[in-house]
Amino acid sequence: MKISKITIVLAVLLTFGSCAELQQVVNNLPTTGGPVTQEEIIGGLKQALEFGVVEGVNILNKEDGYFKDEAVKILLPEELQKVDATLRKIGLSNLADEGLKVLNRAAEDAVSEAKPIFVQAIKDFTFADAKTILTSSNDLAATEYLEGSTATKLAAAFEPKIAASLDKVGANDIWATIIQKYNTVPLVKPVNPNLTEYVTNQAIDGLFVKVGDKEKEIRNSVSSRTTALLQKVFALQ
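Residues numbered from 1 in each chain as written. Predicted model: local features only at pLDDT ≥ 70, side-chain atom pairs only at ≥ 80, totals over all residues. Heavy atoms only, no water.

S.K.: I'm lost on the pattern of salt bridges in this one. Help?
M.R.: Charged atoms that come close allow side chains of opposite charge to pair. Tallied over the full model, the rule gives 12 salt bridges. Residues Lys 168 and Asp 109 are paired through a salt bridge, measuring 3.0 Å at the closest nitrogen-oxygen approach. Taken together, the residues span a long stretch of sequence, with Lys 168 in helix α8 (residues 141-168) and Asp 109 in helix α5 (residues 93-110) at a distance of 59 residues. Put simply, Lys 214 and Glu 217 hold a salt bridge, and the shortest N to O gap is 3.2 Å. With Lys 214 and Glu 217 both in helix α10 (residues 195-220), this residue pair falls 3 residues apart, about one helical turn. Among the residues examined, Lys 214 registers a relative accessible area of 11% and is labelled buried. When salt bridges with common partners are traced through the structure, they connect Glu 63, Asp 64, Lys 68, Arg 105 and Glu 108 into a single cluster. (Salt bridge = Lys/Arg side-chain N within 4 Å of Asp/Glu carboxyl O. Helix = DSSP H or I, 4+ residues; strand = E, 2+ residues; numbered from the N terminus. Buried < 20%, exposed > 50% of the residue type's maximum accessible area, 1.4 Å probe, protein only.)

S.K.: What's the story with helix α9 (residues 171-183) in this structure? I'm lost.
M.R.: In an α-helix, one turn spans 3.6 residues, which is why side chains three or four residues apart end up on the same side. Between its first and last C-alpha, α9 extends 18 Å over 13 residues, near the 18 Å set by a 1.5 Å rise per residue. Every buried residue of α9 is accounted for by Ala 171, Ile 174, Trp 175, Ile 178, Ile 179 and Tyr 182. Seen end-on, α9 carries its buried residues on one side only, within an arc spanning 130°. Facing away from the buried side of α9 by more than 90 degrees, the exposed set consists of Asp 173 and Gln 180. The inward-facing, buried residues of α9 contact α4 (78-89), α5, α8 and α10. (Expected span 1.5 Å × (residues − 1). Arc of directions from axis to C-beta. Contact = heavy atoms within 4.5 Å.)

S.K.: What is the right way to read the packing of aromatic side chains from this model?
M.R.: Working definition: an aromatic ring pair is given by the centre-to-centre distance plus the angle between the planes. Tallied over the entire structure, the rule returns 2 aromatic pairs. Measuring from centroid to centroid gives 5.6 Å for Phe 118 and Phe 208, while their planes differ by 70°, and the two rings are edge-to-face. Of the two residues, Phe 118 is situated in helix α6 (residues 114-123) and Phe 208 in helix α10; the sequence distance between them amounts to 90 residues. For the residue pair Phe 118 and Phe 208, the accessibility class agrees, reading buried in each case. Centre to centre, the rings of Phe 125 and Tyr 145 are 5.1 Å apart; their planes meet at 90°, and the pair counts as edge-to-face. One end of the pair, Phe 125, is in the loop between α6 and α7 (127-134); the other, Tyr 145, is in helix α8, and 20 residues separate them in sequence. Just as Phe 125 is buried, Tyr 145 falls in that class too. (Phe/Tyr/Trp six-rings, centres within 6.5 Å; stacked < 30°, edge-to-face > 60°.)

S.K.: Looking at this structure, I do not really get unusual backbone geometry. What am I missing?
M.R.: Backbone phi values are negative for most residues with the exception of glycine, while trans is the configuration of most peptide bonds. Non-glycine residue Asp 64 carries a positive phi angle of around 75°. For Leu 187, which is not glycine, the phi torsion reads 75° and is therefore positive. Of note, Leu 187 is situated in the loop between α9 and α10.

S.K.: I would appreciate a short explanation of the environment of Leu 95 in the present structure.
M.R.: Structurally, the position occupied by Leu 95 is in helix α5. Along the primary structure Leu 95 and Asp 84 are separated by 11 residues, whereas in three dimensions their C-alpha atoms are 8.9 Å apart. Apart from the residues lying within four places of it in its own chain, the contact partners of Leu 95 are Ile 174, Thr 177, Ile 178 and Lys 181.

What follows is the structure in structure tokens.
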């Protein structure tokens, strides 16, 4: 059975304790671009994450970035699905459609807030993080690392921006009208959803989908490794 370079790297990392020993073995790994240093491994993984963040934000931070992408489109929470259905039954389909659209517009407006948070998380990247990610068989290991280290900060930064964006795109006014009309329908249970928290969480989830797409692309497609550093580091796979 053929043993992959990534398997060799994993075995090395589990066997050698010191950085000096590790570097000596890494230097002896067969690569197409010469020995790979610890700094290059860290730098390559940072670069892959940075590319994923920039591409993800650029895709989503424009009109219909969320709304017309089925993979990340923000749908209504369960409690508002019955509101949507009721409005359509009483002839207010246009209002229901607009209500869904403005939730996505708020996310599109706010997603640029992610960049500085991600940049800081990537700066904090260590060799321990890098070796875990590079030796993982999970195509989303880097994305999951980033999510784990930024999720709380992202939510804190996004929430006020989402709140402002909901106002900016008119979502709060539209949903105030929607909820008011729904709550006047006979026999329905009144609702009062927290749209800011919901859109915040959905916007962040959608962003990580895009970052993950880029990571998988770089891991699995040589042509997507568009720099010498990415080519050298991901050749270890």
